[in-house]
Amino acid sequence: MSFLYENLLLLTWQQVTMWVIGGILIYLAIAKEMEPSLLLPIGFGAILVNMPFSGAVNQYVNGILQEGPLTSLYTAGIANELFPLLLFIGIGAMCDFGPLLTNPTLMIFGAAAQFGIFFTFCIASMFFPINDAASIATIGAADGPTAIVVAQVLHSSYLGPIMVAAYSYMALVPIIQPPVIRLLTTKKERMIRMDYEPKTVSRLTRIIFPIIITIIAGLISPASVSLVGFLMFGNLLKECGVLNSLSDAAQSALANVITLILGITIASQMQAEQFLQMDTLMILGLGLFAFIFDTAGGVLFAKFLNLFLKKKVNPMIGAAGISAFPMSGRIIHKMGLEEDNQNFLLMHSMGVNVSGQIASVIAGGLMMSFFMYGGF
Amino acid sequence: MTFSPENFILNLPYLLKGELGLFCELGIIALSVIVLNRLFKGEE
């Protein structure tokens, strides 16, 4: 009868700790509704792979390799960056670049809000090899697929913690951003109203926009072209107007299937012996640092611009220049209304938020360009 | 994990290159959009 309990005796405290972490992620997904489509599969997967000789991942049993389905999925879809890129088609099809196209100058806030990524890279390089430092810094983009692609392309040995941190911080936008914004702005600044003049954008502009972005990104930082290209391909499906069924499929079926597989596959990298290290805590800390400095970079840049502008901008919109779309844009709008119930910042903050989507992908591409080809 | 504080200074140029690269790239995209909006103004 020993077969009933012999595996139980092999259970380690580290594996039990991973069950607790998995449980916390499931709790956050269900009770707090934090990115449930990702945190729930990741949390469940963390429990699944942390059993002694778990059949879900590759194991050597008596010297013989037993292939696990999650390792196979990882090899098929994450090791070659396929899943995150396919997910980008769905994200692109969901994105409405309208607010940005009506006011393209908002693009500069997206660039400013990537400050945290590059600053954190400098900090992380004091502790980690350069490829790992660049991958860890990309967590600050609050863009899971980009973080995965960068970590994978740069052969980071910390893919698991990076993925978990990137997706967790995406979910924590409503908790992390408001205090940073309040700390850096005065009430008077938060009350600045911004006029919005509704303009129409021609269909041709909407169609040409994704093509132009792909060409520009491809010419300036070729390493980013797959990231930008897949995002823009999804957007072109939506805007062309003749492929509505494909656009709908990309937005719902494709995005849902990839998200489902991605979440549980990420968990294959959460085996206790790899995950429970001091390095993981450090990565989580640096990811948070990057995220905070991205927010601060956007706000401070807007304040800097206000020194020269006659018509002031509300500095809070700078914080929306991260990739977490549309969460960040909505939070800025909500914060504006809390200060002044007639202050409608939504269209401006959404414009900055979609520019953050593009900017974070380009920032990831620049990181890859720097360290794949040795600089540009 | 080793602590090498000199790497912070050594890698600061990447902060400048990265932000400069981003501002240039997004600046070009913004200019392209302004041109597109001018060219196709009033078209459906």
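Colleague: Kindly report on the overall build of chain A, identifying the contributing residues and their values.
Modeller: Across its full length, chain A holds 20 helices and 2 strands. Rg of the C-alpha trace for chain A: 21 Å, near the compact-globule value of 21 Å for 376 residues, within the 12% margin. Seen along its three principal axes, the alpha-carbon backbone of chain A occupies a region of about 80 × 45 × 40 Å. Across the 376 residues that make up chain A, the buried fraction comes to 55%. Considering only contacts in chain A between residues 6 or more positions apart, those separated by 24 or more positions represent 74%.

Colleague: Describe the overall build of chain B, and please don't skip the residues or the numbers.
Modeller: Scanning chain B from N- to C-terminus turns up 1 helix and 0 strands. Along the first, second and third principal axes, the C-alpha set of chain B runs to 60 × 20 × 5 Å. Across the 44 residues of chain B, 30% fall into the buried class.

Colleague: Tell me about the environment of A:Ile215, and please be specific about residues and values.
Modeller: All names here are of chain A. The topology assignment puts Ile 215 in helix α14 (residues 203–220). In this structure Ile 215 comes out as partly exposed when scored by C-beta crowding, with 15 C-beta atoms within 10 Å. Sequence separation of Ile 215 and Gly 229 is 14 residues, and the distance between their C-alpha atoms is 8.6 Å.

Colleague: Which residues make up the packing of helix α11 (residues 159–171) of chain A against helix α18 (residues 278–306) of chain A, and what values go with them?
Modeller: Each pair of packed helices can be described by the angle between their axes along with the distance between the axes. Residues and elements named next belong to chain A. Close contact between α11 and α18 brings their axes to 10 Å; oriented N to C, the two are set at 40°. The handedness of the crossing between α11 and α18 is right-handed. Contact residues: α11 offers Pro 161, Ile 162, Ala 165, Ala 166 and Tyr 169, while α18 offers Thr 280, Ile 283, Leu 284, Gly 287, Leu 288 and Phe 291. Here the contact of α11 with α18 is composed, by residue class, of 9 nonpolar, 2 polar and no charged.

Colleague: Break down helix α8 (residues 115–124) of chain A for me, with residues and values.
Modeller: With respect to burial, α8(A) is a largely interior element, 8 of its 10 residues being buried. Along α8(A), the positions that sit buried rather than exposed are A:Phe115, A:Gly116, A:Ile117, A:Phe118, A:Phe119, A:Thr120, A:Phe121 and A:Ala124. Buried residues in α8(A) make contact with α7 (107–112), α9 (130–137), α18 and α20 (346–372) of chain A together with α1 (6–39) of chain B.

Colleague: Before we move on, can you summarise the packing of helix α12 (residues 173–184) of chain A against α18(A) with the specific residues and values?
Modeller: Residue and element names in this part refer to chain A. In contact at an axis separation of 10 Å, α12 and α18 are set at 40° when each is read in the N-to-C sense. Considering the angle they form, α12 stands oblique to α18. Between α12 and α18 lies a crossing of right-handed hand. In this structure, α12 contributes Ile 176, Gln 177, Val 180, Ile 181 and Leu 184 to the contact, and α18 contributes Phe 291, Ile 292, Thr 295, Ala 296, Val 299 and Leu 300.

Colleague: I'd love a proper account of the nonpolar core, names of residues and values included.
Modeller: All names here are of chain A. Among the nonpolar cores identified, the biggest contains 135 residues, and Ile 136, Ala 137 and Ile 162 are the most heavily contacted of them. Element by element, the count of residues in this core is highest for α20, at 13 residues. In contact with Ile 136, not counting residues within four places along its chain, are Ala 124, Phe 128, Tyr 158, Ile 162, Ile 283, Leu 286 and Gly 287.

Cut-offs applied
- Residues numbered from 1 in each chain as written.
- Chains lettered and ligands numbered in written order.
- Predicted model: local features only at pLDDT ≥ 70, side-chain atom pairs only at ≥ 80, totals over all residues.
- Helix = DSSP H or I, 4+ residues; strand = E, 2+ residues; numbered from the N terminus.
- Rg over C-alpha atoms; globule rule 2.2 N^0.38 Å.
- Buried ≥ 20, exposed ≤ 12 C-beta atoms within 10 Å, placed from the backbone.
- Contact = placed C-beta atoms within 7 Å.
- Axes fitted to C-alpha atoms, helices over the stretch in contact; angles between N-to-C directions.
- Left-handed = near helix turned anticlockwise from the far one by under 90°.
- Nonpolar A, V, L, I, M, F, W, Y, C, P; charged D, E, K, R; others polar.
- Parallel < 35°, antiparallel > 145°, perpendicular 65-115°, else oblique.
- Core = buried A, V, L, I, M, F, W, Y, C linked by C-beta atoms within 7 Å.

Keep in mind these values describe shape, not function.
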